Amino acid sequence: MKLFYKAGACSLASHIALEESGLPYEIEAVDLKTKVTASGADFSKITAKGYVPALLLDTGEVLTEGPAILQYIADQVPAKHLAPLNDGMARYRLQSWLTFIGTELHANFTPFFYPTSGSDWKATAMAKLQHRLTYVAQHIDDKQFLLGNEFSIGDAYLFTVLGWAKHIDLDLGKWPALVAYQERVGARPGVQAAMKSEGLI
Ligand SMILES: N[C@@H](CCC(=O)N[C@@H](CS)C(=O)NCC(=O)O)C(=O)O
């Protein structure tokens, strides 16, 4: 498998999942402005969506959309418990979290990363982030990880998105549970390896 990524972007979650899976994989950086990959390939031909993450499978197929990629990786290695088995409520709870992180957190960081975003949009997004992060902090308060005591792909995604707070005017210090969670997840060898490989630490 090969993961197309941009350092520190949402593709970091897939990178962490690959590390945690123990599966063999490669990575290739993408310049999202020019849509050219590190080896000089036209990224628009790999995925017409033009954004990361994109996972080139061993079959030659390309899978896009972070939550789908994360679940694909987890399902290759069920013994690693990166996602609950797809046979009951626990999996739907994970999907609920992946959707929440994607649409309520990730999407509300987006305006801060584009110079053309207006101040009204940013103010609305910041208010939503404050509200949603308070919800996450309350949920995580008595837990090690998003789903309880075991790390999952939900944590790979949440950790990645929380890492963006330092790039915008959002101090996570007001939620000690989130700061402790960030430290806990960030200390995992798989997370450290993915971050080192992207030049983030
Ligand atoms: N819906 C996509 C969104 C992916 C996304 O937002 N990717 C960003 C980086 S975090 C990107 O590549 N942006 C460049 C672009 O939109 O052209 C997913 O969940 O995978």
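Residues numbered from 1 in each chain as written. Predicted model: local features only at pLDDT ≥ 70, side-chain atom pairs only at ≥ 80, totals over all residues.

Asks: Is there a simple way to explain the packing of helix α4 (residues 89-109) against helix α6 (residues 153-162) in this structure?
Replies: Running from N to C, α4 and α6 point in directions that differ by 15°, and their axes come no closer than 10 Å. Comparing their axes, α6 and α4 come out roughly parallel. As for the relative orientation of α4 and α6, their crossing is left-handed in sense. On α6, the residues that touch Leu94, Trp97, Leu98, Ile101, Leu105, His106 and Phe109 of α4 are Gly154, Tyr157, Leu158 and Val161. Here the contact of α4 with α6 is composed, by residue class, of 9 nonpolar, 2 polar and no charged. (Axes fitted to C-alpha atoms, helices over the stretch in contact; angles between N-to-C directions. Helix = DSSP H or I, 4+ residues; strand = E, 2+ residues; numbered from the N terminus. Parallel < 35°, antiparallel > 145°, perpendicular 65-115°, else oblique. Left-handed = near helix turned anticlockwise from the far one by under 90°. Contact = placed C-beta atoms within 7 Å. Nonpolar A, V, L, I, M, F, W, Y, C, P; charged D, E, K, R; others polar.)

Asks: Sorry if this is basic, but what is going on with the domain arrangement of the protein here?
Replies: When the parts of a complex come together, some accessible area is lost, and that lost area is often used as the size of the interface. Each domain of the protein was delimited in the assignment, giving domain 1 (2-80 + 190-197) and domain 2 (89-188). One C-alpha centre belongs to domain 1, the other to domain 2; they are set 20 Å apart. Domain 1 puts 14 residues into the contact, and the matching count from domain 2 is 13 residues. Of all elements in the fold, only α1 (11-21), α3 (66-76) and α8 (189-197) reach the threshold of two or more residues within the side of domain 1 that touches domain 2. Per element, the largest residue contribution to the side of domain 1 that touches domain 2 is 5 residues, and it comes from α3. Of the residues contributing to the side of domain 1 that touches domain 2, the split by class is 9 nonpolar, 5 polar and no charged. (Domains from an automatic or database assignment.)

Asks: I'm lost on the UniProt feature "domain: GST N-terminal" (unreviewed entry) in the protein in this one. Help?
Replies: The UniProt entry lists residues 1-81 under the feature "domain: GST N-terminal" (unreviewed entry), expressed in the numbering used here. Along residues 1-81 one finds 32% helix and 22% strand; the C-alpha atoms at either end are 20 Å apart. (UniProt positions renumbered as here; feature names shortened; annotations may be inferred.)

Asks: For this particular structure, what's the right way to read the UniProt feature "domain: GST C-terminal" (unreviewed entry) in the protein?
Replies: This chain's UniProt record puts "domain: GST C-terminal" (unreviewed entry) on residues 87-201. Summarising residues 87-201: 63% helix, 0% strand, and an end-to-end C-alpha distance of 38 Å.

Asks: Got a minute to help me understand the sheet that holds strand β4 (residues 54-56) in this structure?
Replies: Sheet strands line up and pair through hydrogen bonds in the backbone, either parallel or antiparallel. In space, the 5 strands of this open sheet follow the order β3-β2-β1-β4-β5, with mixed pairing throughout. Each having just a single partner strand, β3 (36-37) and β5 (62-64) make up the two edges of the open sheet. Two strands pair when backbone bridges link them, and strand β2 (residues 26-31) and β3 are joined in this way by 2 bridges, in the antiparallel orientation. Considered in β3, the bridge of Asp31 is made with Val36. (Pairing = 2+ DSSP bridges.)

Asks: Looking at this structure, how should I read the site of the ligand?
Replies: For the ligand, the full set of nearby residues is Ala9, Cys10, Leu32, Gly50, Tyr51, Val52, Pro53, Glu65, Gly66 and Gly102. Here the residues of the shell around the ligand sort into 6 nonpolar, 3 polar and 1 charged. (Near = placed C-beta within 6 Å.)

Asks: Looking at this structure, how should I read the nonpolar core?
Replies: If you look at the biggest cluster of nonpolar residues, it comprises 45 residues, and the most contacted ones within it are Ala13, Ala17, Leu70, Ile153, Ala156 and Tyr157. Element by element, the count of residues in this core is highest for α6, at 7 residues. Two domains each put at least three residues into this core: domain 1 (2-80 + 190-197) and domain 2 (89-188). (Core = buried A, V, L, I, M, F, W, Y, C linked by C-beta atoms within 7 Å. Buried ≥ 20, exposed ≤ 12 C-beta atoms within 10 Å, placed from the backbone.)

Asks: Honestly, unusual backbone geometry in this entry has me stumped. Any pointers?
Replies: Most peptide bonds take the trans configuration, and most residues that are not glycine carry a negative phi. The omega torsion of the bond from Val52 to Pro53 falls at 0°, within 30 degrees of zero and hence cis. The backbone phi angle of Lys35 is positive, close to 65°, even though this residue is not glycine. Turning to its location among the elements, Lys35 is positioned in the loop between β2 and β3. Looking at Lys35, the number of C-beta atoms within 10 Å reads 16, which means it is partly exposed. Despite not being glycine, Glu65 shows a phi value in the positive range, around 80°.

Asks: I keep staring at the environment of Lys2 and nothing clicks. Help me out?
Replies: With respect to the secondary-structure elements, Lys2 resides in strand β1 (residues 2-5). Classification of Lys2 by C-beta neighbours within 10 Å gives partly exposed; the count is 17. As a C-alpha pair, Lys2 and Leu55 span 53 residues in sequence and 5.7 Å in three-dimensional space. Beyond its immediate sequence surroundings of up to four residues, Lys2 is in contact with Tyr25, Glu26, Ile27, Glu28 and Leu56.

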